[in-house]
Amino acid sequence: MDGTGATRGARAVVIGGSIAGTLAARVLSEFYGEVVVVDRDEIMGVAGPRRGAVHSVHAHGLHAAGYLILTELFPGLLEDTRQLAGLTIRDFGGMRWIFDGRPVKPAETGLLSVAGSRPVLENYLRNRVAALPQVRYEQNTDVLSLRTSADRDTVLGVRLRQGDREWDLDADLVVEASGRGSRLPAWLAELGYERPDEERIKIGLAYTTRSFRRRPGTFGPPQAINPVSSPAFPRGAFFGQAITGDCRVSLTGMQGDTPPGDTAQFLDFTKSLPAPDIHEAIVDADPIGEAATFTFPASVWRHYERLTRFPDRLAVLGDAVCSFNPVYGQGMTVIAMQVMKLREHLATHHAPDPVALNRALAETIEDPWLISTSGDLEFPGVATHRPLKTRILNAYLTRLRYAATKDPAATTALMRVNGLVDRPSALWRPGLVAKVLWLSRDLDTSRRETPVPVPA
Ligand SMILES: Cc1cc2nc3c(=O)[nH]c(=O)nc-3n(C[C@H](O)[C@H](O)[C@H](O)COP(=O)(O)OP(=O)(O)OC[C@H]3O[C@@H](n4cnc5c(N)ncnc54)[C@H](O)[C@@H]3O)c2cc1C
């Protein structure tokens, strides 16, 4: 029910019970009598790896904008998550960020972000949502298809399968949140709708993650060290050390340079990072468990907002719409922004308007897509057209990152945009532009060395 006590229907069904499905269910519980979240995995109480979200074992951080939304949707989140082993709440600007091979000046930005184990965060959020009286999770259950009216204009529910059993579940709204592998484009085509245009930027990214138990006295206090990959230093990493001394290291390689899982080779790879202390931290540490590798061939945006015809009572969000280059850590925050758009839409529409909703949801994608694809397009091997806007933004961002190696105020400006708190347009404030140009006057913009050989 919304604040007026009005309901938008008896039941909403959500396909996928990961981050997008869970956050959507939180919002839908305000408008529908019952919310059923269907996931093909066993998910309740699971705070570790699972088949339907294999990527979630790699380093994940929730940006400041996402954190702020979650604190609104989940009162007490800060106190609760501080107690959870595996999560660390830090000032975003206080982490050690290394861009273009150079450490930026740390800054107290006042922007908190949640870093660490994504399965732990996801499990916490799911438990909170499952505790809502309107919400029910249907686990180990596959959504096979959408059910529609005879004229195919309206979605009426879903067809489900659990083991040998198949059944129909009616719904007044179906929210598709089944992630990057979403079958919605194919379902739409079967129903006689157009598939969305798909924008793909091939980056050939790979993550390999290992955890280590540090020997006492071999390294400093808990910290995060993030050398972010760039054309000059295509190899990157996310190093996060918990209070226990255990640390998780996700190594990243671009354009086919997959970081190896074998411990000795993993350590060798860390020697090629522009952050020697990552190697120092783990060289004498004990590996915990196995390495995990995830390959991410391309950033993908399915442009549902361009469709002028879309079934009634259907919505789609999360990675099912757009999956960003993960090194920018945007996915979960954009999902948080999308569920707030969904909430706003349901509060202002007696019945959801699917075309208007797709357009509203796409607004949350535009800036993060510009930020992350601008970064991708800096890599000479990423084959695509580079619009003038991207080239200008990239040239300016290079200078801003350099200015941030000298001045914490530049770090703050950068982090507010990277944390999706400010729009990229905030970077063009005349005072900031003047400062950036002044501080970067000695930047050698011809510097394009690649210290690590990257396979073609
Ligand atoms: C290596 C890596 C690192 C990342 N790091 C970050 C980061 O630091 N910060 C950040 O914000 N984002 C990060 N991301 C992005 C983030 O993980 C995604 O944006 C997020 O997982 C998307 O959530 P989702 O719920 O849309 O989809 P998913 O998490 O992919 O979940 C989809 C769910 O749907 C279920 N499902 C699928 N099909 C069906 C079906 N037919 N029936 C029933 N259930 C189904 C699956 O079991 C799964 O639970 C990273 C991504 C990767 C790959």
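Residues numbered from 1 in each chain as written. Predicted model: local features only at pLDDT ≥ 70, side-chain atom pairs only at ≥ 80, totals over all residues. Heavy atoms only, no water.

## So, the overall build of the chain
At step 1: Counting its regular elements, the chain contains 12 helices and 19 strands.
At step 2: Relative to its length of 456 residues, the chain is compact, with a C-alpha radius of gyration of 22 Å against a globular reference of 23 Å.
At step 3: Across its three principal directions, the C-alpha atoms of the chain cover 65 × 50 × 45 Å.
At step 4: Restricting to contacts in the chain with at least 6 residues of sequence separation, those with at least 24 account for 72%. (Helix = DSSP H or I, 4+ residues; strand = E, 2+ residues; numbered from the N terminus. Rg over C-alpha atoms; globule rule 2.2 N^0.38 Å. Contact = heavy atoms within 4.5 Å.)

## Description of the site of the ligand
At step 1: Close contacts around the ligand come from 33 residues, with S18, D39, G61, D319 and M332 the closest.
At step 2: For the ligand, an oxygen atom lies 3.4 Å from a polar atom in the backbone of I19.
At step 3: G331 places a main-chain nitrogen or oxygen 3.3 Å from an oxygen atom of the ligand.
At step 4: Contact with the protein chains hides 95% of the accessible area of the ligand, taken as 1,000 Å² for the molecule alone.
At step 5: When contributions to the shell around the ligand are tallied by element, the ones reaching two or more residues are α1 (19-28), β3 (60-62), β9 (142-148) and α8 (331-348).
At step 6: With 4 residues, α8 is the single largest residue contributor to the shell around the ligand. (Near = heavy atom within 4 Å. Polar contact = N/O pair within 3.5 Å; in protein donor to acceptor, adjacent residues only side chain to side chain. Areas by Shrake-Rupley, 256 points an atom, 1.4 Å probe, with all protein chains shown as cover.)

## Notes on the sheet that holds strand β18 (residues 314-316)
At step 1: Across the sheet, which stays open at both edges, the 5 strands sit in the order β8-β2-β1-β12-β18 with parallel pairing between neighbours. Edge positions in the sheet fall to β8 (135-138) and β18, since each of these pairs with one other strand and no more. Here the average twist between neighbouring strands, direction ignored, is 20°.
At step 2: Here strand β1 (residues 9-15) runs beside strand β12 (residues 173-176); their pairing, made up of 4 bridges, is parallel. When the sheet's bridge partners are listed, V13 is paired in β12 with V174. (Pairing = 2+ DSSP bridges. Axes fitted to C-alpha atoms, helices over the stretch in contact; angles between N-to-C directions.)

## Looking at the pairing of strand β11 (residues 165-170)
At step 1: Inspection of the sheet shows strand β10 (residues 155-162) paired to β11 by 6 bridges, in the antiparallel sense. Bridged to R161 within β11 is E166.
At step 2: Between β10 and β11, which follow one another and run antiparallel, lie 2 residues, and G163 among them has a positive phi close to 60°.

## A closer look at the domain arrangement of the chain
At step 1: You can read the domains of the chain as domain 1 (9-92 + 106-199 + 300-365) and domain 2 (201-298).
At step 2: The straight-line distance from the C-alpha centre of domain 1 to that of domain 2 is 29 Å.
At step 3: Counting residues at the interface gives 16 residues for domain 1 and 20 residues for domain 2.
At step 4: Counting across the domain 1 and domain 2 interface gives 0 salt bridges. (Domains from an automatic or database assignment. Salt bridge = Lys/Arg side-chain N within 4 Å of Asp/Glu carboxyl O.)

## With respect to a negative patch on the surface
At step 1: Taken together, the side chains of D151, D153, D312 and D353 present a region of like negative charge at the surface.
At step 2: If you trace the backbone, D153 turns up in the loop between β9 and β10.
At step 3: When its relative accessible area of 35% is taken as the criterion, D153 is described as partly exposed. (Patch = residues over 30% accessible without salt bridge, like charges linked within 9 Å, V, L, I, M, F, W, Y side chains within 5 Å. Lys, Arg positive; Asp, Glu negative; His and termini not counted. Charge placed at Lys NZ, Arg CZ, Asp CG, Glu CD. Buried < 20%, exposed > 50% of the residue type's maximum accessible area, 1.4 Å probe, protein only.)

## Thoughts on helix α4 (residues 118-130)
At step 1: Relative to the 18 Å expected for 13 residues at 1.5 Å per residue, α4 spans 18 Å between its end C-alpha atoms, a close match to the ideal helical length.
At step 2: Within α4, 10 of the 13 residues are buried, which leaves the element mostly enclosed by the surrounding structure.
At step 3: Within α4, the full set of buried residues consists of R118, P119, V120, L121, E122, N123, Y124, L125, R126 and V129.
At step 4: Here α4 starts with a cap whose side-chain oxygen sits 3.2 Å from the backbone nitrogen of V120, and that cap is S117. (Expected span 1.5 Å × (residues − 1).)

## A few points about the packing of α1 against α8
At step 1: Direction vectors running N to C along α1 and α8 enclose 25°, while the axes themselves pass 9 Å from each other. Between α1 and α8, the angle is such that the two are roughly parallel. As α1 packs across α8, the resulting crossing turns out to be right-handed. Residues I19, A20, L23, A24, R26, V27 and L28 of α1 touch α8, and the partners they reach there are M332, I335, A336, V339, L342, R343 and L346.
At step 2: When the residues that make up the contact of α1 with α8 are grouped by side-chain class, the tally is 12 nonpolar, no polar and 2 charged. (Parallel < 35°, antiparallel > 145°, perpendicular 65-115°, else oblique. Left-handed = near helix turned anticlockwise from the far one by under 90°. Nonpolar A, V, L, I, M, F, W, Y, C, P; charged D, E, K, R; others polar.)

## Details of the pattern of salt bridges
At step 1: Taken as a whole and judged by the stated rule, the model has 34 salt bridges.
At step 2: For R343, the salt bridge identified is with E72, shortest N-O distance 3.2 Å. Here R343 is found in helix α8, whereas its partner E72 is found in helix α2 (residues 64-73), with 271 residues between them in sequence.
At step 3: A residue is classified by how much of its surface remains accessible, and E72, at 49% relative accessible area, is partly exposed.
At step 4: Note that R159 and D168 form a salt bridge whose closest N and O atoms lie 3.0 Å from each other.
At step 5: Shared partners join several salt bridges into a network, and the residues in it are D39, D41, R50, R118, E122 and R126.

## Description of the environment of G419
At step 1: Looking at the secondary structure, you find G419 in the loop between α11 (408-418) and α12 (430-439).
At step 2: With relative accessibility at 0%, the residue G419 sits in the buried group.
At step 3: Spatially, the C-alpha atom of G419 lies 8.4 Å from that of S113, the residues being 306 residues apart in sequence.
At step 4: Residues in contact with G419, not counting those within four places in the same chain, are H63, A64, A65 and F92.

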